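As a plain string of letters, each chain reads:
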Amino acid sequence: MDHYDGDNDYMQQEDDWDRDLLLDPAWEKQQRKTFTAWCNSHLRKAGTQIENIEEDFRDGLKLMLLLEVISGERLAKPERGKMRVHKISNVNKALDFIASKGVKLVSIGAEEIVDGNAKMTLGMIWTIILRFAIQDISVEETSAKEGLLLWCQRKTAPYKNVNIQNFHISWKDGLGFCALIHRHRPELIDYAKLRKDDPMTNLNTAFDVAEKYLDIPKMLDAEDIISTLRPDEKAVMTYVSCYYHAFSGKQKAETAANRICKVLAVNQENEQLMEDYEKLASDLLEWIHRTIPWLENRRPENTMQAMQQKLEDFRDYRRLHKPPKVQEKCQLEINFNTLQTKLRLSNRPAFMPSEGQMVLDINNAWANLEGAEKGYEEWLLNEIRRLERLDHLAEKFCQKATIHECWTEGQEDMLQRKDFETASLSQIKALLKKHEAFESDLAAHQDRVEQIMAISQELNELDYYDSPSVNARCQRICEQWDSLGALTKKRSDSLERTEKLLETIDQLYLEFAKRAAPFNNWMEGAMEDLQDSFIVHTIEEIQGLSTAHEQFKATLPEADKERQAILGIHNEIAKIVQTYHVNMAGTNPYTTINPQEINGKWDKVRQLVPQRDQALIEEHARQQNNERLRRQFANQANIIGPWIQNKMSEIGYISMEMHGTLEDQLTHLRQYEKSIINYKPKIDQLEGDHQLIQAALIFDNQHTNYTMEHIRVGWEQLLTTIARTINEIENQILTRDAKGISQEQLNEFRASFNHFDRKRTGAMDADDFKSCLISIGYNLGESEFARIMSVVDPNRMGIVTFQAFIDFMSRETADTDTAEQVVSSFKVLAGDKNYILADELRRELPPDQADYCIARMAPYTGPDAVPGALDYLSFSTALYGESDL
């Protein structure tokens, strides 16, 4: 198979077409139809056509003819034979011609075309279309596919519902094809009647019109495009390129027309700028001439409001009307300069505005406007200041009059009310005080009334324009003021008469309240005490509560007499009200307590007394039972507590004494341990008594100082002490037997230890231990004593136990013998040398012990030692420490 690679990498992106997609039936169908129609559009110029694209090109004859038509060049003479070799030769000639045009053919060989390979044939035709129909398209410095896409976008940009972004889905609704036709031949299609939701009609319309009027064959099928989710890009691009070539001649004419239009547009733009300047200048001057008379109007106003309105109008002029004109003036100058620049650049004469509309004329008119504006503003401010004084007086009169009228509003109705006829004494007194306050307020307002009259007179003297309304208002205020004075005197007399009538009843109310309040508090306190829950812990406390309750019951007869006296006061009040026909508007103002409430609470107290008696009796019985439980626990605890303390002392004595052997002491201690364990049932019995006390919620016991927690801790300490003491004796026996210490030596050690255990705690502190060592014969320095302390007190507790003391003493004795044995053993193994070779040590010792010894001595071997040799110093230091030997 032959492969053709051109010299130029022409449109590499298009050459990398996805050959696998051609296997999609829908896309393959579209490409077959489109490519066939495109080939026939050129072959018909030679009087022939093809029916089946992969079959009709197999012999290479029509393929060579197609290339001659589209290129306008003659190819080599074709082979007319029917054999396969002749066909391959013709196809190779066609492929060589394509390659000579700079086309890179990848994986397309003559054998595939001759064999009718549809995929390769379609790929070859697409390559031909790209080279001869699309490559030469050039739009604004873009070519080929990008140029064709840009041409479509530019041509369809003005059309609604058309947005060409690609060569597949952007064409599905058919509007893109119709827009291209309408743009170049608007008489062929009525674009306004097309609908985006009717793609079938749009596509068929475009295809039919293109075939009939533009000589573009129908290369696509509307049904295929609509039914395919993504139409074949190559088919669409092939068909669209036919549109481009059909309209390319017209486009050149459009380019020439556009160049002429551009020149005409510049002239039209300049003329428009001239017209705009003339109109803008005329309008601006007209506005200036219309505004200056308004600013020169100095007619004064009588009111501050009118002058304020003039000032506001002037501010609106400054804020709203003048700024746009300032911008117009600026824009006018900009347009004038821009126009002159454009005319100069296009070699045209300078623009001369109409007479009186030069920039200088406009600037002079604007200066006159600003002068009038400044004078108008000064006049406005002076007029406002002139009217400000009159307006201030009028406003002051209105303000004071309004305040006075607001104060007097409703006052006449208040003074005429008869509310005192149904009021109580406290309400009458309150009304009197309120009325006195009103009289004071009334007198205080006298000054304001006089000020209102004075301001009114001054406004009349100054000939204020609204003086009639001011005078009428002042007259109403004076008349109302006289009426208020008369009504105030009349109400004061009525209130004083009513006050005297209710004072007698008020005294009785007060006496009732004074006696009812403490009696009511006594009953409420009694009910609270009788219903109050109590918490006691001893017989004495419940007895105290019972005594207090009996004392309370003794006060009940006297309390009943007080109740009768309080009710008598209430009956006397009711008699007075009925006799003098007093209209009582409410209840007792001094208290909310009434006779019904007093009787109800008294009955409640009498009901609660027997209930309290029963509760005290029940609590007394419960406290007696608690006292029995306390004594029961205390009797046992007072026996067990001292027993535990005595046993602790006896164990300590046994561990310190030196009578008998260690085995005798161990036997004695184990007998003690057995007797202690046999005492456990009494501890359990005491636990049972403690649980009963807890269930009864008893928290203290004055019959004993021992608590169950004390007993538990003491019992656990006793068991721990006996076990630890037995363990110490057993360790002493092991030490004695292992070190060969005699009983006499052990007794001596014990005697020395007990002598220096001055605190009798079973352990020596550091100072006592140091004194003991000195007494034995040690000559101690600080470092040596520190070393010994690290041996006997490795945990740094600051104390030395008897077991540690024995271990130290026995080790001191044993280490001396061991060191002598080390010297003797080393000399035997070393012979005449002062070292032992590692191999000699392995021969004399078992393998595991030899390896252990060598490993221990390795860190201590000196730098000058014989390789593989172990000297005596390394040997002894590794095994026993440097200080020991």
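Residues numbered from 1 in each chain as written. Predicted model: local features only at pLDDT ≥ 70, side-chain atom pairs only at ≥ 80, totals over all residues. Heavy atoms only, no water.

## Observations regarding the overall build of the chain
Point 1. Scanning the chain from N- to C-terminus turns up 31 helices and six strands.
Point 2. Among the 885 residues that make up the chain, the fraction classed as buried is 41%.
Point 3. A fraction of 73% describes how many contacts in the chain between residues 6 or more apart in sequence connect residues 24 or more apart.
Point 4. With an accessible surface of roughly 50000 Å², the chain has 51% of that area assigned to carbon and sulfur atoms. (Helix = DSSP H or I, 4+ residues; strand = E, 2+ residues; numbered from the N terminus. Buried < 20%, exposed > 50% of the residue type's maximum accessible area, 1.4 Å probe, protein only. Contact = heavy atoms within 4.5 Å. Areas by Shrake-Rupley, 256 points an atom, 1.4 Å probe, with all protein chains shown as cover.)

## Looking at the packing of helix 8 (residues 144-156) against helix 9 (residues 175-184)
Axes are the key here: two packed helices are described by the angle between their axes and the distance separating the axes.
Point 1. As a packed pair, helix 8 and helix 9 sit with axes 9 Å apart at the nearest point and diverge in direction by 70°. Here helix 8 is positioned roughly perpendicular relative to helix 9, judged by the angle of their axes. The interaxial crossing formed by helix 8 with helix 9 has left-handed handedness. Contacts between helix 8 and helix 9 involve W151, C152, R154, K155 and T156 from the first element and G176, A179, L180, R183 and H184 from the second.
Point 2. Taken together, the residues of the contact of helix 8 with helix 9 break down into four nonpolar, three polar and three charged. (Axes fitted to C-alpha atoms, helices over the stretch in contact; angles between N-to-C directions. Parallel < 35°, antiparallel > 145°, perpendicular 65-115°, else oblique. Left-handed = near helix turned anticlockwise from the far one by under 90°. Nonpolar A, V, L, I, M, F, W, Y, C, P; charged D, E, K, R; others polar.)

## Observations regarding helix 22 (residues 662-678)
Point 1. Across its 17 residues, helix 22 extends 25 Å between first and last C-alpha, which sits within 8% of the 24 Å expected from 1.5 Å per residue.
Point 2. Listed as buried for helix 22 are L662, Q665, L666, L669, Y672 and I676. An end-on view of helix 22 places all buried positions within 120° of arc, on one side of the element. Pointing more than 90 degrees away from the buried face of helix 22 are the exposed residues Q671, K674 and N678. (Expected span 1.5 Å × (residues − 1). Arc of directions from axis to C-beta.)

## A look at the packing of aromatic side chains
Point 1. Under the defined criterion, the tally for this structure stands at 26 aromatic pairs.
Point 2. On the basis of an interplanar angle of 5° and a centroid distance of 5.8 Å, the ring pair of W407 and F438 is categorised as stacked. Taken together, the positions of W407 in helix 14 (residues 359-408) and F438 in helix 16 (residues 425-444) put the pair 31 residues apart, joining distant regions of the chain.
Point 3. On the accessibility criterion, W407 (14% relative accessible area) is buried. (Phe/Tyr/Trp six-rings, centres within 6.5 Å; stacked < 30°, edge-to-face > 60°.)

## Notes on the pattern of salt bridges
Point 1. As enumerated under the stated definition, the model contains 42 salt bridges in all.
Point 2. With a shortest N-O distance of 3.0 Å, E233 and K145 are connected by a salt bridge. Pair noted here: E233 is in helix 12 (residues 233-295) and K145 is in helix 8, with a separation of 88 residues, a long-range link. Assigned by exposure class, E233 and K145 land together as buried.
Point 3. One salt bridge in this structure joins E373 and R318, with 2.4 Å as the shortest N-O distance. On the criterion of sequence distance, the pair formed by E373 in helix 14 and R318 in helix 13 (residues 304-345) is long-range, its members being 55 residues apart.
Point 4. Among the charged side chains, a salt-bridge network with shared partners connects R318, K322, E373 and E377. (Salt bridge = Lys/Arg side-chain N within 4 Å of Asp/Glu carboxyl O.)

## Here we look at the packing of helix 4 (residues 61-71) against helix 7 (residues 118-134)
Point 1. Closest axis-to-axis distance for the helix 4/helix 7 pair is 11 Å, and the angle between their directions is 10°. With respect to each other, helix 4 and helix 7 are oriented roughly parallel. Taken together, the residues of helix 7 that come into contact with helix 4 (itself represented by L63, L67, I70 and S71) are M124, I128 and F132.
Point 2. Broken down by class, the residue content of the contact of helix 4 with helix 7 amounts to six nonpolar, one polar and no charged.

## Quick word on the environment of F802
Point 1. Mapped onto the secondary structure, F802 falls in helix 28 (residues 802-830).
Point 2. Overall, F802 belongs to the buried group, its relative accessible area being 6%.
Point 3. Put simply, F802 and A763 are 39 residues apart on the chain and 6.5 Å apart in space, counted from C-alpha to C-alpha.

## Focus on the nonpolar core
Soluble globular proteins tend to pack their nonpolar side chains together in the buried interior.
Point 1. Ranked by size, the top nonpolar core spans 80 residues in total, and within it W38, I128, F177 and Y243 carry the most contacts.
Point 2. At 11 residues, the largest contribution of residues to this core is made by helix 7.
Point 3. With 47 residues, the next largest nonpolar core counts L686, I711, F749 and I806 among its residues. (Core = buried A, V, L, I, M, F, W, Y, C linked by side-chain atoms within 4.5 Å.)

## Description of helix 27 (residues 782-792)
Point 1. Inspection of helix 27 places F785, I788, M789 and V792 among the buried residues, and these make up the whole buried set. Projected down its long axis, helix 27 carries its buried residues within an arc of 105°, all on one side.

## Comments concerning a nonpolar patch on the surface
Point 1. A contiguous nonpolar surface patch, about 320 Å² in accessible area, is contributed by M352, M358 and L360.
Point 2. Structurally, M358 can be placed in the loop between helix 13 and helix 14.
Point 3. A residue is classified by how much of its surface remains accessible, and M358, at 30% relative accessible area, is partly exposed. (Patch = residues over 30% accessible without salt bridge, like charges linked within 9 Å, V, L, I, M, F, W, Y side chains within 5 Å.)

## Considering the confidence of the model for the chain
For residues with low pLDDT, the predicted coordinates do not support detailed interpretation.
Point 1. Per-residue confidence for the chain gives a mean pLDDT of 81; residues scoring 70 or more make up 88%.
Point 2. Confidence drops under pLDDT 50 across residues 1-23; counting only partners more than four residues distant or on other chains, this segment forms 59 contacts.
Point 3. With pLDDT under 50 throughout, residues 815-819 is counted as low confidence; its partners more than four residues away or in other chains account for two contacts. (pLDDT = per-residue confidence, 0-100.)

## Considerations on the side chain of D768
Point 1. With respect to the helices and strands, the residue D768 is situated in helix 26 (residues 766-776).
Point 2. On the basis of relative accessible area, D768 is assigned to the buried category, the value being 11%.
Point 3. If we ignore the near neighbours within four places in the chain, the residues touching D768 are F756 and R758.

## With respect to unusual backbone geometry
Point 1. Its identity is not glycine, yet D215 carries a phi of approximately 60°, on the positive side.
Point 2. Among the structural elements, D215 can be located in the loop between helix 10 (199-213) and helix 11 (222-227).
Point 3. Residues other than glycine seldom take positive phi values, yet R796 does so here, at roughly 55°.
Point 4. Within the secondary structure, R796 sits in the loop between helix 27 and strand 4 (799-801).
Point 5. In this structure R796 comes out as exposed when scored by relative accessible area, which is 77%.

## Quick look at the environment of V449
Point 1. Considering the arrangement of structural elements, one finds V449 in helix 17 (residues 446-461).
Point 2. When the C-alpha positions of V449 and H404 are compared, they lie 7.7 Å apart, and in sequence the two are 45 residues distant.
Point 3. If we skip the residues at most four places from it in the chain, V449 touches H404 and W481.

## Remarks on the environment of I683
Point 1. Tracing the chain through its elements places I683 in helix 23 (residues 680-695).
Point 2. On the basis of relative accessibility, which here comes to 5%, the residue I683 falls in the buried class.
Point 3. The spacing of I683 and Q636 is 47 residues in sequence and 9.0 Å in space, taken between C-alpha atoms.
Point 4. Each residue touching I683, except ones within four places of it in the same chain, is listed here: I640, M708, I711 and W715.

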